[in-house]
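# Descriptive analysis of the structure
If you want the building blocks of each chain, they are given just below.
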Amino acid sequence: MGERITITTEDGSFEAYLARPEKTPAAAVVVIQEIFGVNQVMRDITDGLAGQGYLAVCPDLFWRIEPGIDITDQSEAEWKRAFELFNAFDVDAGVKDIQATIDAVRKRPDCTGKVGAVGFCLGGLLAFLTATRTDADASVAYYGVGIENRTAEAEKLTRPVLLHIAEEDQFVPKEAQAAIQQALANHPQVTIYTYPGRDHAFARVGGAHYDEADAMKAGGRSLQFFAQHLS
């Protein structure tokens, strides 16, 4: 279903995986990767959004470190590489690349001009920062790592953002969750859902902590959110 497109910035060019819906023009959704690159899981999510009627695009945000990263969560060596990439990643540059992706897709004739974003793990943090720093119309963050350190940016929020929080997230401890709730729960642009008993990446198909029921619940909430704000 998908194809590769090139997005050009003042710093250079990078690839993105694009999946088209049956009917266009359509609203677009930028899919923001985990720490494993634009891998099969991310491509499947992108294809799934296209199946729901969205023009979906997943940019290669690791291109500044190494283009074309495509690894899994299935081996110790891949986890090690993933954390190396995570530690080398420039969050601020990544948000700029997301804005470049939004700009590129918004100009396409098969896009209505409405563009949302959804991110997972590292991408969950980036989705929150997409909401605070870019002109995306709506953003969804799944188990974002480090949001508790960026909550002050909520004062810049003018577009809606939805947060999915796993209550037993090993990378977002209870103290971090409490800080997020305290800072954001009453913000008019923020919606927060928590998932009791769930660990990090509960929506990653094939992952160690995948939970089909809650993944479906979160996915339904995300689609409802996009239907409300991208139509």
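Criteria and thresholds
- Residues numbered from 1 in each chain as written.
- Predicted model: local features only at pLDDT ≥ 70, side-chain atom pairs only at ≥ 80, totals over all residues.
- Heavy atoms only, no water.
- Core = buried A, V, L, I, M, F, W, Y, C linked by side-chain atoms within 4.5 Å.
- Buried < 20%, exposed > 50% of the residue type's maximum accessible area, 1.4 Å probe, protein only.
- Helix = DSSP H or I, 4+ residues; strand = E, 2+ residues; numbered from the N terminus.
- Contact = heavy atoms within 4.5 Å.
- Polar contact = N/O pair within 3.5 Å; in protein donor to acceptor, adjacent residues only side chain to side chain.
- 1 Å grid on protein atoms, 1.4 Å probe; cavity = no way out; pocket = protein on both sides within 12 Å on 5 of 7 lines; lining within 4 Å.
- Points joined across faces, edges and corners; volume = space filled by probe spheres on them.
- Nonpolar A, V, L, I, M, F, W, Y, C, P; charged D, E, K, R; others polar.

Here we come to the nonpolar core. The biggest cluster of nonpolar side chains holds 81 residues, and the ones touching the most others in it are Val-118, Leu-126, Leu-163, Leu-184 and Phe-226. Sort the elements by how many residues they give to this core and helix α4 (residues 122-133) lands first, with seven residues. Not counting residues within four places of it along the chain, the set of residues in contact with Leu-184 comprises Phe-128, Ile-147, Thr-151, Ala-154, Leu-163, Val-190 and Ile-192.

Note that Ala-185 resides in the loop between α5 (174-184) and β8 (190-195). Apart from residues no more than four positions distant in its own chain, Ala-185 is found in contact with Ile-180 and Ile-192.

So, about the side chain of His-200. For His-200, the location among the structural elements is in the loop between β8 and α6 (212-229). Taking the relative accessible area as the measure of exposure, His-200 reaches 3% and is therefore buried. Side chain to side chain, His-200 and Asp-169 meet in a polar contact 3.0 Å long. Residue contacts for His-200: discarding those within four places in its chain leaves Cys-121, Tyr-143, Val-145, Ala-166, Asp-169, Gln-170, Phe-171 and His-209.

Quantified by volume, the largest pocket comes out at close to 560 Å³. For the largest pocket, the lining is made up of 19 residues, of which Ile-45, Phe-120, Tyr-142, Ala-215 and Gly-219 are closest to its centre. Taken together, the elements giving at least two residues each to the lining of the largest pocket come down to α1 (40-51), β5 (111-120) and α6. Of the residues forming the lining of the largest pocket, the biggest block, seven residues, is contributed by α6. Split into classes, the residues belonging to the lining of the largest pocket amount to 13 nonpolar, five polar and one charged.

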